[in-house]
Each structure stands twice: as C-alpha cells, then as structure tokens.
Amino acid sequence: MKVPEPRKMSSGNWFIQMRLGGISVTVTEPAKKECIRKAEMIKAEYRAGVREIKKASVDPTLTKAIDAYIEKRQNTLSPSTITGYRRIQSGRFKEAMGKPLSELTDWQGICDRESSLCSPKTLRNAYHFVCSVLKENGIVPKKVTLPTMIPHTREWLEPDQIKILVSSVVGQPMELPILFALHSLRRSEILALDWSNIDLVNKRISVRGAVVKDETGTFVKKQANKNKSSTRTLPIMIPELEAALKAIPEKDRKGAVITCGGDSICNRINKACRKAGLPEVGTHGLRHSFASLAYHLGMSELETMEIGGWSDTQTMHKIYTHLAAKDRMKAENKMASFYKNAN
C-alpha cells in the first residue's frame, strides 16, 4: 500500500501527511520504517472500510498549528525564515497563541491590542504569517485594518562620503567587510565569501550562498542566496579592495575570506563610520550607498538592481526616487540662493 515518502523533522521524528476521504491524516513516529508501516496500515484499514477517518474534534491551538506549519517546511525554509517565524510564535499575539483556532474570531481586536506592543511593520508581518497558518488549517483569514506603515528612509552615504570612508579604512581590520558592502554585498553574503569566490586574475567576485542564524541563534551557511537574483558575479570596482586582497599572502587564501563574528560586523562598521566623522549606516546602509553612487553616476535602476542582486525594482525605485527628490531640492535651493544674492 503506497504512501507518501516520510520526512524527517527537526525533532528527529518521521512525518507522513496523506489525504483520505478528503481529510488530512498525519502520522508521526520515531523511526522511518515504523512511520511508513503505520501509515500503510491506516490507509489499508480505511480502504477496507474498517477505519473511519474523522476530522479532529479538537482544534489545534495557534502555537501548535505554527509548529506543524514549520515542521512541514523544515527542509525547504531557510534558517533565518524559521527563526523569524519562531520569534512571531514566542513574541507576538500572546493572548491568542494558547487558544484553539476556531475560537480566534476577533482578529481585529487582537491586532488592535497588539499594535500598542510593536511597530506597524512588525504587526503586519506577524499577521500575514498567521494568515498563512490559518489558511493551511482551512480557515479563511479575517480582513483586518492594520496601522499605517510610516515609510522609513534608511541612511546611506553620499558619493563624497563614500570616498572619505574608503580612504579612512585602508589597512584597518574592517577594510574588507566595508569594501565588500560597498560592492553591494549583504552581511550574509560577506560572511559566506570563500577564497574560491575571489578571482584576482580577472578581478571578479562570485556571490554564492549566505551565512545566517538558525533557530538557536547559531550562524550556519546555506548554499542558496536570499533569492535567485542574489547569486551573481561582480567586478572588483574599488582599487583599495583589490590591493587589500592581494596583500594577503597566497598561503592564507583559503577558507572564509572574513573571519570576524557575524554579530560584530555592523557594530564595527558603525565604529569606522563614526571615527571618520560619517553617519553610522551599518552594513545594509553601505549596500544602499552602492545604489546611491550608482544613481549619482547615471546608472539605470535595472543595471543597479542586477549588479546589486535585488529581486525586483521596488527597493531600487524607492532609493532612486528619494535621491531624485534630494537633487530637486538642491536645485531649488541653488535657484533661491541666486535670487537672494542677486542684489
């Protein structure tokens, strides 16, 4: 009696999910063979008419439903995504987590009360995840009104500030992470860089894989990048980066290029910015500084998106629109200054 192939869960148990008579039936056992045998027996008894399949009389609680949602996707979700889901499970909607799904009908009220405990963006992300969990359990999510998200403009460096930072970190411990970030690399991509990704002859950087935190907060390497566009090959565009890489003895060019701790990169980058008298923009701010410079140099949104590994034009459009507004303001100020000084 053929049944679906079992999957091993993070708990070590084996899990099979099958549908009998339109009802989802799950089997969980410590051993793979035992899981298959039990599933085969249930399916055989159902077909022989000696086992009736009924929907569970007791709804799972929201927290149990989230457990099942994550376990089902354990082998496909990235560690950072699972970590994000677990944070929602432990930190958001605490009044709802222990209740059966069927009792959770006033999601507007739940969201209204939660809005006083977190930002609009955090609430929106948490509720959208819960909606996915509800849908998987056959419940159509309620339409709710969520707080308006106030657009947040992330800091980045202007072209002249980029020059100051680059010259100030030559020969310093954070030189490589800063110069990689100015090449558009995310923190996870910087941490994943291996010397096999660096081609000094052809002056290329291959961005492959990412280092992210798992559920326990431990940094782990995954082979896939954030999205398909993130896997890319870049030219080494900053002379100081080429010089810094070549300065490392050939015998030491193996394994990870960056060996400092993942949690410390952003703090150390901010320290370097502060020391240079510049805004503390962090790793991601330097990535956006790459986009700022691309705009300044007249590159199109599409060109910048492809080099930077953004999956769509939304982020690029926001950055470019903001920069265009700043340019327009500078032009207006110049004209106002002209008339002010005309006499």
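Above this note sits the structure.
Presented here is a report on the structure given in the accompanying data block. (Residues numbered from 1 in each chain as written. Predicted model: local features only at pLDDT ≥ 70, side-chain atom pairs only at ≥ 80, totals over all residues. Heavy atoms only, no water.)

1. What to know about the layout of surface pockets
A water-sized probe rolled over the atoms picks out the places where empty space is left.
Step number 1: Of the volumes computed, that of the second largest pocket is approximately 1100 Å³.
Step number 2: Secondary structure elements with two or more residues in the lining of the second largest pocket: strand E2 (14–20), strand E3 (23–29), helix H2 (62–72) and helix H6 (120–136).
Step number 3: In terms of residue count, the dominant contributor to the lining of the second largest pocket is H2 (seven residues).
Step number 4: Looking at the lining of the second largest pocket, its residues break down into 15 nonpolar, eight polar and eleven charged. (1 Å grid on protein atoms, 1.4 Å probe; cavity = no way out; pocket = protein on both sides within 12 Å on 5 of 7 lines; lining within 4 Å. Points joined across faces, edges and corners; volume = space filled by probe spheres on them. Helix = DSSP H or I, 4+ residues; strand = E, 2+ residues; numbered from the N terminus. Nonpolar A, V, L, I, M, F, W, Y, C, P; charged D, E, K, R; others polar.)

2. Topic: the environment of Thr28
Step number 1: Structurally, the position occupied by Thr28 is in strand E3.
Step number 2: Assessed through its relative accessible area of 37%, Thr28 is described here as partly exposed.
Step number 3: Apart from residues lying up to four places away in sequence, Thr28 is in contact with Met9, Asn13, Trp14 and Phe15. (Buried < 20%, exposed > 50% of the residue type's maximum accessible area, 1.4 Å probe, protein only. Contact = heavy atoms within 4.5 Å.)

3. A word on helix H11 (residues 262–275)
Step number 1: Taking 1.5 Å as the rise per residue, H11 with 14 residues should run 20 Å; its terminal C-alpha atoms sit 21 Å apart, in good agreement.
Step number 2: Listed in full, the buried residues belonging to H11 are Gly262, Ser264, Ile265, Ile269, Asn270, Ala272 and Cys273.
Step number 3: On its buried side, H11 packs onto helix H7 (159–168), helix H8 (175–181), helix H9 (187–192), strand E7 (219–222) and helix H12 (282–296).
Step number 4: Positive backbone phi, approximately 75 degrees, marks Gly277, located one or two places after H11. (Expected span 1.5 Å × (residues − 1).)

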